[in-house]
Amino acid sequence: MNQLDAFKALPEHLSLDEKRELYRLFVANPEQGVLKVVELAESHGLNLSTAEVAELIADVDQDGHTREVSWDEAMPIGSAK
């Protein structure tokens, strides 16, 4: 599996809490979000630099393979307004 395919598959291996944390980080501070992606990718055997993560995110966006995240998924339980 190439890096792009492995990166696209990464969300399948993340818990809902990890996805929520990433969403909050990217909204508050995209640089911190990228650093968290590097950390999570590494924990799943995919060693990426911050530059590679940024490039892979751009590639996924261009390919139209981004997955819409619903508001309910992104918000922690009990905090919806």
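Everything below is about the structure shown above.
What counts and how
- Residues numbered from 1 in each chain as written.
- Predicted model: local features only at pLDDT ≥ 70, side-chain atom pairs only at ≥ 80, totals over all residues.
- Heavy atoms only, no water.
- Helix = DSSP H or I, 4+ residues; strand = E, 2+ residues; numbered from the N terminus.
- Areas by Shrake-Rupley, 256 points an atom, 1.4 Å probe, with all protein chains shown as cover.
- Contact = heavy atoms within 4.5 Å.
- Salt bridge = Lys/Arg side-chain N within 4 Å of Asp/Glu carboxyl O.
- Buried < 20%, exposed > 50% of the residue type's maximum accessible area, 1.4 Å probe, protein only.

(A) Representation of the overall build of the protein chain in the model. Looking only at helices and strands, the protein chain features five helices and zero strands. Start at the N end of the protein chain and walk to the C end: the helices and strands fall as α-α-α-α-α. As displayed, the protein chain offers around 5,600 Å² of accessible surface, 53% of which is attributable to carbon and sulfur atoms.

(B) Region of interest: the side chain of Lys36. When you line up the elements, Lys36 lands in helix α3 (residues 30-43). Beyond its immediate chain neighbours, meaning those up to four positions away, Lys36 contacts Glu21, Leu22 and Leu25.

(C) Up close: the pattern of salt bridges. One pass over the full model with this rule turns up three salt bridges. Linking Arg20 and Asp17 is a salt bridge whose minimum nitrogen-to-oxygen distance equals 3.7 Å. Taken together, the residues Arg20 and Asp17, both in helix α2 (residues 16-28) and three residues apart, mark about one turn of the helix.

(D) Summary view of the environment of Gln3. In this structure, Gln3 sits in helix α1 (residues 3-9). By relative accessible area, which is 34% here, Gln3 ends up partly exposed. As a C-alpha pair, Gln3 and Asn47 span 44 residues in sequence and 9.3 Å in three-dimensional space. Not counting chain neighbours up to four residues away, the residues in contact with Gln3 comprise Leu46, Asn47, Leu48, Glu52 and Leu56.

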